[in-house]
Amino acid sequence: MPLPNAKHEAFARAIVEGKSGRAAYHAAGYTAKGAAADANASRLLRNAKVSARIAELKGEAAQATIVTAARILEELAKLAFANMADYMRVGPGGDPVLDFSKLTRDQAAALTEVTVEDFLDGRGEDARQVRKVKFKLADKRGPLVDLGKHLGLFKDRVEHSGPDGGPIEVKQYSDIEAARLIGRLLSKVTKVAAEA
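Undergrad: How would you summarise the pairing of strand E4 (residues 128-137) if you had to cite specific residues and measurements?
TA: Summarising the sheet, strand E3 (residues 111-121) and E4 pair through 10 bridges and their orientation is antiparallel. The residue of E4 that forms the bridge with Glu 113 is Lys 136. Here E3 folds back onto E4 in antiparallel fashion, the turn holding 6 residues, of which Gly 122 has a positive phi close to 100°.

Undergrad: Can you explain the environment of Ala 80? Please cite residues and give values.
TA: By secondary structure assignment, the location of Ala 80 is in helix H5 (residues 69-80). Judged by relative accessible area, Ala 80 falls into the buried class, the value being 1%. Along the primary structure Ala 80 and Pro 143 are separated by 63 residues, whereas in three dimensions their C-alpha atoms are 5.2 Å apart. Contacts of Ala 80, omitting those with residues within four sequence positions, involve Lys 140, Pro 143, Leu 144 and Leu 147.

Undergrad: Lay out the pattern of salt bridges in plain terms, naming residues and giving numbers.
TA: Two side chains that carry opposite charge are able to pair once their charged atoms sit near each other. One pass over the full model with this rule turns up 9 salt bridges. A salt bridge links Arg 13 to Glu 9; the nearest nitrogen and oxygen atoms lie 2.9 Å apart. Separated by 4 residues within a single helix, Arg 13 and Glu 9 lie in helix H1 (residues 6-16), roughly one turn from each other. Here Asp 38 makes a salt bridge to Arg 22, at a shortest N to O gap of 2.8 Å. Pair noted here: Asp 38 is in helix H3 (residues 34-46) and Arg 22 is in helix H2 (residues 21-27), with a separation of 16 residues, a long-range link. Through salt bridges that share partners, Glu 9, Arg 13, Arg 53 and Glu 56 make up one connected network.

Undergrad: Give a detailed account of the environment of Phe 81, specifying residues and quantitative values.
TA: With respect to the helices and strands, Phe 81 occurs in the loop between H5 and strand E1 (88-90). The spatial distance from the C-alpha of Phe 81 to the C-alpha of Gly 152 is 18 Å, given a sequence separation of 71 residues. If near-sequence neighbours (up to four positions away) are discounted, Phe 81 is found in contact with Lys 140, Leu 144 and Leu 147.

Undergrad: Any chance you could break down the confidence of the model for the chain for me, citing the residues and the numbers?
TA: Parts of the model with low pLDDT should not have their predicted coordinates read in detail. Within the chain, residue pLDDT values average 87, and 99% of them lie at 70 or more. At the low end of the mean pLDDT range in the chain sits helix H8 (residues 175-195), at 80; at the high end sits H1, at 94.

Undergrad: Report on the nonpolar core, specifying residues and quantitative values.
TA: By size, the foremost hydrophobic cluster in this structure holds 16 residues, and its most contacted members are Phe 11, Tyr 25, Leu 44 and Val 50. Going through the elements one at a time, H1, H2, H3 and helix H4 (48-65) are the ones with two or more residues in this core. With 4 residues, H1 is the largest single contributor of residues to this core. Counting residues in hydrophobic clusters, the runner-up holds 6 residues, among them Ala 82, Tyr 87, Ala 110 and Phe 135.

Undergrad: So, H4: which residues are in play, and what are the values?
TA: A rise of 1.5 Å per residue sets the reference length of H4, with its 18 residues, at 26 Å; its end C-alpha atoms lie 26 Å apart and thus fit the reference within 8%. All of the buried residues along H4 are Val 50, Arg 53, Ile 54 and Leu 57. Here the buried residues of H4 occupy an arc of 105° about the axis, which is enough to place them on one side. Residues of H4 that are exposed and point over 90 degrees away from its buried face: Ala 48 and Gln 63. Among the residues of H4, the N-terminal cap falls to Asn 47, whose side-chain oxygen and the backbone nitrogen of Lys 49 are separated by 2.8 Å.

Undergrad: Quick one: what's the story with the packing of H5 against helix H7 (residues 141-150), residue by residue and with numbers?
TA: It is at 8 Å that the axes of H5 and H7 come closest, and there the two elements cross at 135°. Between H5 and H7, the interaxial angle falls into the category oblique. Regarding H5 and H7, the two cross each other, and that crossing is left-handed. Across the interface between the two elements, Leu 73, Leu 76, Ala 77, Leu 79 and Ala 80 of H5 pack against Pro 143, Leu 144, Asp 146, Leu 147 and His 150 of H7.

Undergrad: Could you give me a rundown of a nonpolar patch on the surface, with the residues and numbers involved?
TA: Taken together, the side chains of Phe 100, Val 114, Val 116 and Val 133 define a hydrophobic patch exposed on the protein surface, amounting to about 290 Å² of accessible area. Residue position: Val 133 is located in strand E4. Using a relative accessible area of 33% as the deciding quantity, one classes Val 133 as partly exposed.

The rules behind the values
- Chains are numbered independently. Their residues run from 1 in the order of the written sequence.
- For a predicted model such as this one, the threshold for reporting local features is a pLDDT of at least 70, and the threshold for listing and counting side-chain atom pairs is 80 or more; totals across whole chains, interfaces and linings nevertheless cover every residue.
- Water and hydrogen atoms were dropped before computing side-chain values, which therefore reflect all heavy atoms in the structure.
- In this scheme, strands are said to pair when DSSP sees at least two bridges between them.
- Comment: elements are numbered from the N terminus, with helices defined as DSSP H or I runs of at least four residues and strands as E runs of at least two.
- Any residue under 20% of the maximum accessible area for its type is buried, any over 50% is exposed, and the rest in between are partly exposed; the area is computed with a 1.4 Å probe on protein chains only.
- Any two residues whose heavy atoms approach within 4.5 Å are treated as being in contact.
- Take a side-chain nitrogen of Lys or Arg and a carboxyl oxygen of Asp or Glu: if they are within 4 Å of each other, that pair is a salt bridge.
- One number per residue, pLDDT, summarises how confident the predictor is, and it ranges from 0 to 100.
- Put simply, buried Ala, Val, Leu, Ile, Met, Phe, Trp, Tyr and Cys residues joined by side-chain atoms within 4.5 Å make one nonpolar core.
- Given the number of residues in a helix, its expected span is that number minus one, multiplied by 1.5 Å.
- Read the arc as the range of directions from the helix axis to the C-beta atoms.
- Any N or O atom pair separated by 3.5 Å or less is treated as a polar contact, with the protein-specific requirement of one donor-capable and one acceptor-capable atom, and with residues adjacent in sequence counted only for side-chain atom pairs.
- Every axis in this analysis is a line fitted to C-alpha atoms, fitted for helices over the stretch in contact. Angles between the N-to-C directions lie between 0 and 180 degrees.
- In these notes the angle categories are as follows: under 35 degrees is roughly parallel, over 145 is roughly antiparallel, 65 to 115 is roughly perpendicular, and the rest is oblique.
- Less than a right angle of anticlockwise turn of the near helix away from the far helix marks a crossing as left-handed, whereas a clockwise turn marks it as right-handed.
- Nonpolar side chains (Val, Leu, Ile, Met, Phe, Trp, Tyr) are joined into patches within 5 Å and like charges within 9 Å, using only residues with over 30% relative accessible area and no salt bridge.
- Note on areas: Shrake-Rupley with a 1.4 Å probe; residue coverage comes only from the protein chains shown.

Shown next as structure tokens:
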């Protein structure tokens, strides 16, 4: 909730924007200079209501930047379910006619490229102005696979096997055998390191 004192509110907002205490103090409309401005800014930072407001504003800013799983899934769905028919209509002669006039923000999210090229076709009096429009939609397969995995439609299969596809053998070592094995490995490591 905004602070009742407008200068305190402006100071808190300036601090959250990343300004120094002195810069925030001046941005809030205070006129003290030098050491007095620093002292007053420090006093405002220690003010319980101002510091609570700063914490609240920082929390709001952090919340606004959080990308949620739902938002990622929504973006994937925009790409996965984009359809060419949403971007064009069939003209009287059966030719495709692009129509971006009713394009929604969700539909625009699936566009990765739009190229417009104007040129003259023909020569002399027969020349006519031509506009070539090309657009490309995002890849559908990747987002569809990602959505399918999220929904559990596809299972990754991991196979565990030992040498030559046989069973995995696990050998149990006693404490003494483990110590001897570690000792042998360490001596090999130090020997190789000394040779290098």
